[in-house]
Amino acid sequence: MPNPDRSGLLFYNANILSTHWNTVNFFADINNLVLLAIVLLSGGALVAHTLQRAGAKVTPLQATQLLNQGKALILDVRSEEEFAAGHVKDAKNIPLKVLKERSGELEKFKTRPVITVCARGLQSNKAASLLKKQGFEQASSLLGGLEAWQAQGLPVSKKKE
């Protein structure tokens, strides 16, 4: 059996070594590390934002249908002052900052739809998540908040109920 040609093997290993060093040099260059960090951070922020918005949501039309069927509670999680300035008719007001402590007031709605509402839908999404953790099976957030509700021409009460 003839001896293998070792020069071809060395040449092949030299190519791997050269490629390896190119990769090492790429990551060692501080400019490339900064760019890589920016890509990873922006990608992570996008994923986090997507996951944060992934909670259950209902459109104003869906909320109206649930309300007309008498099945849902509208829970406004804005401050008392914002609530008094205008809210969905028959909504209950429990500000987000005290919702965890006052969620017992909603006990009879644990198996019914609870639609949380805020100004634009961000705080109500947090409220719906909090309620779900406390066992409210059908907690959801009004997509777009009270602004979307009003944009659809749906009624808003001005006095505190």
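Please refer to the structure higher up on the page.
Rules used throughout
- Residues numbered from 1 in each chain as written.
- Predicted model: local features only at pLDDT ≥ 70, side-chain atom pairs only at ≥ 80, totals over all residues.
- Heavy atoms only, no water.
- Helix = DSSP H or I, 4+ residues; strand = E, 2+ residues; numbered from the N terminus.
- Buried < 20%, exposed > 50% of the residue type's maximum accessible area, 1.4 Å probe, protein only.
- Contact = heavy atoms within 4.5 Å.
- Areas by Shrake-Rupley, 256 points an atom, 1.4 Å probe, with all protein chains shown as cover.
- Pairing = 2+ DSSP bridges.
- Polar contact = N/O pair within 3.5 Å; in protein donor to acceptor, adjacent residues only side chain to side chain.
- Axes fitted to C-alpha atoms, helices over the stretch in contact; angles between N-to-C directions.
- Phe/Tyr/Trp six-rings, centres within 6.5 Å; stacked < 30°, edge-to-face > 60°.
- Lys NZ or Arg CZ within 6 Å of the ring centre and 35° of its normal.
- Patch = residues over 30% accessible without salt bridge, like charges linked within 9 Å, V, L, I, M, F, W, Y side chains within 5 Å.
- Salt bridge = Lys/Arg side-chain N within 4 Å of Asp/Glu carboxyl O.
- Right-handed = clockwise from strand over helix to strand, strands pointing away.
- Arc of directions from axis to C-beta.

A. Up close: the overall build of the chain. Each helix and strand in the chain was counted, giving 7 helices and 7 strands. Going from N to C terminus, the chain has its helices and strands arranged as α-α-β-α-β-α-β-β-α-β-α-β-α-β. A total of 161 residues make up the chain; the buried ones form 29% of that total. For the chain, the proportion of contacts with a sequence separation of at least 24, taken over those separated by at least 6, is 67%. When the accessible area of the chain is evaluated, it comes to approximately 10,700 Å², of which 60% is carbon and sulfur surface.

B. The arrangement of the pairing of strand E2 (residues 73-76) in detail. A two-sided burial pattern is seen for E2, the buried positions comprising Leu73 and Leu75 on one face and Ile74 and Asp76 on the other. One ladder, built from 4 bridges, connects E2 with strand E5 (residues 114-117); its direction is parallel. Within E5, the residue paired with Leu73 across the bridge is Val114. Where E2 and strand E4 (residues 92-93) come together, 2 bridges link them in parallel fashion. Residue pairing for E4: Asp76 is matched across the bridge by Asn93.

C. Quick peek at the side chain of Asn93. On the secondary structure map, Asn93 appears in strand E4. At 3.0 Å, the side chain of Asn93 forms a polar contact with the backbone oxygen of Asp76. A distance of 3.0 Å separates the side chain of Asn93 from the backbone oxygen of Arg78, its partner in a polar contact. With sequence-adjacent residues up to four places away left out, Asn93 is seen in contact with Asp76, Arg78, Ser79, Glu80, Phe83 and Arg102.

D. Structural context of the sheet that holds strand E1 (residues 57-58). Across the sheet, which stays open at both edges, the 5 strands sit in the order E1-E6-E5-E2-E4 with parallel pairing between neighbours. At either end of the open sheet lies a strand with only one pairing partner, and these are E1 and E4. Packing of helix H6 (residues 122-133) onto the sheet brings it into contact with E1, E2, E5 and strand E6 (139-142), and relative to E6 it is tilted by some 175°.

E. Representation of the packing of aromatic side chains in the model. Tallied over the entire structure, the rule returns 0 aromatic pairs. A cation over a ring is seen here: Lys110 above Phe136, with NZ or CZ 5.5 Å from the ring centre.

F. Local environment of the side chain of Ser141. Within the secondary structure, Ser141 sits in strand E6. We classify Ser141 as buried; its relative accessible area is 1%.

G. Spotlight on a nonpolar patch on the surface. Together, Ile30, Leu33, Val34, Leu35, Leu36, Ile38 and Leu40 give the surface a local cluster of nonpolar side chains, amounting to about 640 Å² of exposed area. Residue Leu40 is classed as exposed on the basis of its relative accessible area of 58%.

H. Quick look at the pairing of E5. Residues Val114 and Thr116 of E5 are buried on one face, and the alternating residues Ile115 and Val117, pointing to the opposite face, are buried as well. With 3 bridges joining them, E5 and E6 adopt parallel strand pairing. Counted as the bridge partner of Ile115 is Ser140 from E6. Regarding topology, H6 serves as the crossover connection from E5 to the parallel E6, and that connection is right-handed.

I. The arrangement of helix H3 (residues 60-68) in detail. Looking at H3, one finds that the buried residues are Pro60, Ala63 and Thr64. Down the axis of H3, the buried set is contained in an arc of 100°. They therefore lie on one face. Packing partners of the buried residues in H3 comprise E1, E5, E6 and helix H7 (145-151). Of the residues one or two after H3, Gly70 is the one with positive phi, at around 70°.

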